[in-house]
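So you can see what is in the structure, the chains are spelled out below.
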Amino acid sequence: CELAQAMARLGGRVLLVGRSGQVMTREDPDAAAVVARALVADGVDLRLSTNVTQVEVRGGEKVIQLEHDGQVETVAVDQILVGAGRLPNLEGLGLEAAGVEFDRKTGVRVDDFLRTSNPDIHAAGDVCLEAKFTHMADMSARIVLRNALFAGRARLSQVVIPWCTYTDPEVAHCGLTPAEADRRGIAHQTIRVDLGAVDRALLEGRSEGFLKILVRAGTDAILGATLAAPHAGESIGQLTLAIQSGIGLKTLANLVQPYPTTAEAIRKAADAFNRQRLSPGVAKWLGRWLAWRR
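One structure accompanies this document, and this report is about it. Quick caveat, the model's predicted, so the values are computed rather than measured.

Each value, and the rule that gives it
Residues numbered from 1 in each chain as written. Predicted model: local features only at pLDDT ≥ 70, side-chain atom pairs only at ≥ 80, totals over all residues. Heavy atoms only, no water. Helix = DSSP H or I, 4+ residues; strand = E, 2+ residues; numbered from the N terminus. Buried < 20%, exposed > 50% of the residue type's maximum accessible area, 1.4 Å probe, protein only. Contact = heavy atoms within 4.5 Å. Areas by Shrake-Rupley, 256 points an atom, 1.4 Å probe, with all protein chains shown as cover. Lys, Arg positive; Asp, Glu negative; His and termini not counted. Charge placed at Lys NZ, Arg CZ, Asp CG, Glu CD. Salt bridge = Lys/Arg side-chain N within 4 Å of Asp/Glu carboxyl O. Pairing = 2+ DSSP bridges. Axes fitted to C-alpha atoms, helices over the stretch in contact; angles between N-to-C directions. Core = buried A, V, L, I, M, F, W, Y, C linked by side-chain atoms within 4.5 Å. Phe/Tyr/Trp six-rings, centres within 6.5 Å; stacked < 30°, edge-to-face > 60°. Lys NZ or Arg CZ within 6 Å of the ring centre and 35° of its normal. Arc of directions from axis to C-beta.

From N to C terminus, the protein chain includes ten helices and twelve strands. Expressed as lengths along the three principal axes of its C-alpha atoms, the size of the protein chain is roughly 85 × 55 × 35 Å. Residues classed as buried in the protein chain amount to 35% of the 294 residues present. The long-range fraction of contacts in the protein chain, counting pairs at least 24 apart against all pairs at least 6 apart in sequence, stands at 50%. Counting every atom, the protein chain has about 17,500 Å² of accessible surface; 52% of that belongs to carbon and sulfur. Between the mean site of the 34 positive side-chain charges and the mean site of the 34 negative ones, the protein chain shows a separation of 9 Å.

This is the structure:
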């Protein structure tokens, strides 16, 4: 999605094909829909729920065959970019001789302390991590340094991992998704603030997007968050810190955000959460108290 949008903005005619019914399948469906609309607005020919069934060179042209709902179409293109994922580079390391267990697809097996099956060897980065991000590789290297050199006990599971997709608007996420919370049996609720309620977004004419914060039911504990907005990656760190430090949404309501910034959406979400806590009974007695004070 990042490259498709960039090439379209540079003036190329871009055809983006995906087998799934949404772009960015790991992201919140609403956030993916925001990005899909932005791609189409930039001129990307977006084909979802579509399979590439054949690729060939025909008369000097690269031709791809597409299948959607039983309908077959061929399209001639100049270049083809395939997003096929990555495999760890393990060749020639002698891992078997060193007693280091690994898998050709997922990489070196490590425990929560990033130790391999050989306790004298640690691993860090894409070669052993599911989350293959530059910032996560850096963090895992810090964990290895503490544990291997200074007898530390730092755990990978204690790290809250944020990520960002650098489309325009960006989509940033940290913590659990609703689906992950459901799989773990964690009751939850979602607080949503649309960018149309954020003055900075209105001033810039960039009001399509939202912030969703997932909280544990009956508490203000933040489980996860998704932000679809311009420069979302700059704001997701606040929520990552809140999750990792156990800072609840009620506390974030007291955090003064610079005005006007997109990060104001975080305070608005916290305010919305606090308003939800006012049950009809509490609201009734509060009204009586204020009337008596007058």
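Read on, since the account is not over.
This next bit is on the pattern of salt bridges. Scanning the model with the defined rule gives 20 salt bridges in all. Across the pair Asp30 and Arg192 runs a salt bridge whose closest N-O atoms are separated by 3.1 Å. Pair noted here: Asp30 is in helix α2 (residues 29–41) and Arg192 is in strand β10 (residues 188–194), with a separation of 162 residues, a long-range link. Residue classification places Arg192 among the partly exposed positions, given a relative accessible area of 42%. Ionic pairing is found between Lys212 and Asp30, a salt bridge with its closest N-O pair at 2.7 Å. Here the residue Lys212 occupies a position in strand β11 (residues 210–216), and Asp30 occupies one in helix α2, the gap between them amounting to 182 residues. Here Lys212 falls in the buried class, since its relative accessible area comes to 15%. Each of Asp28, Asp30, Arg192, Asp194 and Lys212 takes part in salt bridges that share partners, so that together they form one network.

A few words on the sheet that holds strand β3 (residues 51–58). Reading across the sheet, the three strands line up as β3-β4-β5 and stay open at both edges, with antiparallel pairing between neighbours. Two strands lie at the open edges of the sheet, namely β3 and β5 (71–77), each paired on one side alone. Averaged over neighbouring strand pairs, the angle between their axes works out to 20° when direction is ignored. Here seven bridges tie strand β4 (residues 61–68) to β5, and the two strands are oriented antiparallel to one another.

Our next topic: the nonpolar core. Grouped together as the largest cluster of nonpolar side chains are 30 residues, with contacts concentrated most on Cys174, Leu211, Ile213, Ile222, Leu239, Leu249 and Leu252. Among the elements that line this core, the one with the most residues is helix α9 (residues 264–276), at six residues. Those residues in contact with Leu252 that sit more than four places away from it in its chain are Ile222, Leu239, Ala242, Ile247, Ile266, Arg267 and Ala270.

Moving on, we come to the packing of aromatic side chains. Counted according to the given criterion, the structure contains one aromatic pair. Ring geometry for Phe133 against Trp163: centres 6.1 Å apart, planes inclined by 25°, an arrangement best described as stacked. Of this pair, Phe133 sits in the loop between β7 (107–108) and α4 (134–149) while Trp163 sits in strand β8 (residues 162–165), and the two are 30 residues apart along the sequence. In this structure, Arg153 is placed above the aromatic ring of Phe113, and the distance from its NZ or CZ to the ring centre is 4.1 Å. The cationic tip of Arg192 hangs over the ring face of Phe210; the distance from NZ or CZ to the ring centre is 4.3 Å.

Here we take up helix α1 (residues 2–9). Taken as a whole, α1 has its buried residues at Ala4, Gln5 and Ala8. Take α1 and look down its axis: the buried residues cluster within an arc of 95°, on one side only. Those residues of α1 that are buried are in contact with β1 (15–17) and α2. A positive phi of about 105° marks Gly11, the residue just after α1.

This next bit is on unusual backbone geometry. Put simply, Asp168 and Pro169 share a cis peptide bond, and its omega is 5°. With respect to the helices, strands and loops of the structure, Pro169 is situated in the loop between β8 and β9 (170–175). Cis geometry is found at the peptide bond from Tyr259 to Pro260, where omega equals -5°. With respect to the helices and strands, Pro260 occurs in the loop between α8 (249–252) and α9. With phi around 50°, Ser49 is a residue other than glycine that occupies positive phi space. Inspection of the secondary structure assignment puts Ser49 in the loop between β2 (45–47) and β3. Of the residues examined, Ser49 reaches a relative accessible area of 36% and is grouped as partly exposed. Phi is positive for Leu114, which is not a glycine, with a value near 65°. In this fold, Leu114 is placed in the loop between β7 and α4.

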